[in-house]
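# An overview of the molecular structure
This is what each chain is made of:
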Amino acid sequence: MDTKAATVLLCALILMAVQVPHVGLAAEEKTRAADNPFLKPYNTPFDTPPFDRIRNEHYMPAFEEGMRRQLAEIDALLADPAQPDFKNTFDRLDKTGLLLYEVSATFFSLYSAETNEEMQAIAQEIAPKLSAHRDSIAQNEKLFRRLDAVYQAREKLSLTPEQRFLLESLYKEFVRAGAKLDEKQKARLREINQELSVLRVKFGNNVLAETNGFRLTIDTATELTGLPPTVVAGALDDAKQAELDGKWVFTTHKPSMIPFLQYSENRPLREKLYTAYFMRCNHDDDKDNKEILRKIINLRIESSKLLGYPNYAAYALETNMAKNPEAVNRFLKQLWDGALPMARREAAELQALARKEGGDFAIEPWDWWFYAEKLKKARYEFDDSVLRPYFMLNNVRDGIFTLCEKLYGIKFIPRTDMPKYHPDVQVFEVQEADGRHIGILCMDFFPRPGKRAGAWSGGFRDQYRIDGKNITPIATLVGNFSKPTSDEPSLLTLDDVDTFFHEFGHALNSLFSNCDYRYRAESLDSVELPSQIMENWALEPEMLKLYAKHYKTGETIPQDLVEKLKKSKQFNQGFETVEYLAACILDMDLHTVTVPVQADLNAFESESMKRIGLIREILPRYRCPYFQHIIGGYAAGYYSYVWAEVLDADAFEAFKEKGLFDRATAQAFRTNVLAKSGTDDAAALYRKFRGADPKIEPLLKRRGLLPATATADPQAK
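Below you will find a few notes about this structure. Keep in mind it's a predicted model, so treat the numbers as computed, not measured.

Moving on: the side chain of Arg176. When you line up the elements, Arg176 lands in helix H7 (residues 161–176). A relative accessible area of 7% means that Arg176 is categorised as buried. Beyond its immediate chain neighbours, meaning those up to four positions away, Arg176 contacts Leu307, Tyr309, Tyr315, Ala316, Glu318 and Thr319.

Right under this line is the structure:
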């Protein structure tokens, strides 16, 4: 997951992309500028943040100084008596707020990966202040008039295609942020934005607390029946860390939960663990998120109507490839109509298997993984547990490095001379084949209490140019993979492997950026293309030979196992597609309402799922109380993963046509897509790479949906 859905210049980028928890504030500690590492040169290799010197008390003074400096820089810009032009307006505006940008990038990156109660308190305090700061810029009448003058004269200016696109996009951003509203409307929009910033903080805090707060503790070995040794060993280590020696602990973090659901023969414990997962923040207590989400939805309705849109989805989708909710809903329905019958057939097969084994019960959601794994083993003569020994984390990492070297000619050089925010972090310098510096990559793989769930790619710094100097990126890749145990290294599941390739694609997008400005205007439903295309290589036989080696023997994954993998690619696709699409549809239903939601969110969700005919054996991938994507940058945008899958499936056909490691095709993808993301229309960039608009057939073929939905077109209006 990568969220680049807002603008850097309006200072809302990070708050919209992450969920920021809160606790009660401690007294703010004042720090002199001389002692604050943010307020003086870093003096670190490649100007990476000096994590060894940054303390929590440094953040608030640096945030406040960063906001003060940016407003002063904007005042100086507005005092310029010269006729507004691109250089003295857009270019100069792009250079404002560098300190605030650096502090925000560092704080919110660490807030997601290495938080604590003090940082949560800082987030609670800074959220409304940053919201107010953003609005003070976006609603500055003098600044907008100056920008408007440049925008109106754009036809007469000698602008590069990148400059024109960014100018038009920024102008639209200001309008969408309320620049044309009257004073009363602006004041109300500011109130809404500040309230939303606080609600997002509370929502994320509750999800983090609920996810970390549940433990399924097992006391006797007989309750572990069916679990593979690697899963048992991981649970034993988790128990030791929880000071529960001699017991086994499972959590609602997916690397712990999914293997338990796949293999545990103890049905009541499967139900207990899965129920804890899907009932997070849904207990009518102080960690309940239903009312928080209802308020968020209703405030979004009000803000979108203030800005002239019928609902929030219409507002959010205007700048995406999809353009409007109708196009998204048509696209989702086309896929849903093909996937739901497949899921029904799969449910019937699993029910028959359960009956055959003596199960006198109807299949429930917590049974799906268990019987699906049994069916896969029977049908393809293997299960995921036999694959994990071939997917040692470091081997997968090195395989991805080799893939990148083959495609792009780049190198990954370990760096041990840079500060790290946690001992687990691995740091690499990324270089061109000739040794030229590209950027820094920080990878952080294992779960811990201060890290939010899931996987993502972000960064401590994006690439841009300023005063002729190229500022190189510092990209991050953060995951929650199974930790090494006392007996084994970290071994990945198939899903983990896909996740690693996926997030690495986002990191490459950041590392390969070659843009002149900090400002980007990316289409949300195209930002997943760089990540999702990487997944295509993961299980290609030629690629598996490079990295899928048994962690004990070094043996390459056997060919017969590769063949079984290939044959099983479409197994359980009904479940996977329906589970995901149900969440997409729920997201769209929440954001296409035009009047305030009065109903309890459980009732709203139930009605939404009833309308589309979701079968009782499957729940949406994300339910309302813990649907963090739509609290951050993916509101009315969760569909974007499958929209981008149309692009990645079509794009990968170019590699299949020319060769899996074809350097020329890779260079065209790097030059036209990865290097220029956010600097031109996403569809135009794709056409420059592929020579045509994407076709949907490769996606439908991949998911086994082609016969039912062969005429689907994601860009049909």
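Continuing now.
Applying the stated criterion to the full structure yields 57 salt bridges. Its salt-bridge partner being Asp434, residue Arg436 comes within 2.8 Å of it at the nearest N-O pair. Neither residue differs from the other here; Arg436 and Asp434 are each classed as exposed. Linking Glu579 and Arg621 is a salt bridge whose minimum nitrogen-to-oxygen distance equals 3.2 Å. With a gap of 42 residues between them, Glu579 in helix H22 (residues 573–592) and Arg621 in the loop between helix H23 (601–612) and helix H24 (640–658) connect regions that are remote in the sequence. On the basis of relative accessible area, Glu579 is assigned to the buried category, the value being 10%.

At a closest axis distance of 11 Å, the pairing of helix H17 (residues 393–408) and helix H18 (residues 494–511) adopts a crossing angle of 40 degrees. When the axes of H17 and H18 are compared, the pair comes out oblique. When the axes of H17 and H18 are compared, the crossing they make is right-handed. Mapping the contact onto sequence places Leu393, Val396, Arg397, Ile400, Phe401, Leu403, Cys404 and Tyr408 in H17 and Val497, Phe500, Phe501, Phe504 and Leu508 in H18.

Here the focus is the environment of Leu647. Structurally, Leu647 can be placed in helix H24. Considered as a pair, Leu647 and Glu528 are 119 residues apart in the sequence and their alpha carbons are 9.1 Å apart. Beyond its immediate chain neighbours, meaning those up to four positions away, Leu647 contacts Met321, Asp525, Ser526, Leu529, Tyr686 and Pro694.

A few words on the sheet that holds strand E6 (residues 456–461). One open sheet accounts for 5 strands, arranged E3-E4-E5-E9-E6; its pairing is mixed. Of all strands in the sheet, those with a lone pairing partner are strand E3 (411–414) and E6, marking the two edges. Averaged over all adjacent pairs, the angle separating strand axes in this sheet is 30 degrees, with direction ignored. As paired elements, E6 and strand E9 (residues 474–478) share 5 bridges and run antiparallel to each other. Residue pairing across strands places Ser457 opposite Leu477, the latter belonging to E9. Running over the sheet, helix H4 (residues 98–113) touches strand E5 (437–444), E6 and E9 and is turned about 145 degrees from E6.

What counts, and where the lines are drawn
Residues numbered from 1 in each chain as written. Predicted model: local features only at pLDDT ≥ 70, side-chain atom pairs only at ≥ 80, totals over all residues. Heavy atoms only, no water. Helix = DSSP H or I, 4+ residues; strand = E, 2+ residues; numbered from the N terminus. Buried < 20%, exposed > 50% of the residue type's maximum accessible area, 1.4 Å probe, protein only. Contact = heavy atoms within 4.5 Å. Salt bridge = Lys/Arg side-chain N within 4 Å of Asp/Glu carboxyl O. Axes fitted to C-alpha atoms, helices over the stretch in contact; angles between N-to-C directions. Parallel < 35°, antiparallel > 145°, perpendicular 65-115°, else oblique. Left-handed = near helix turned anticlockwise from the far one by under 90°. Pairing = 2+ DSSP bridges.

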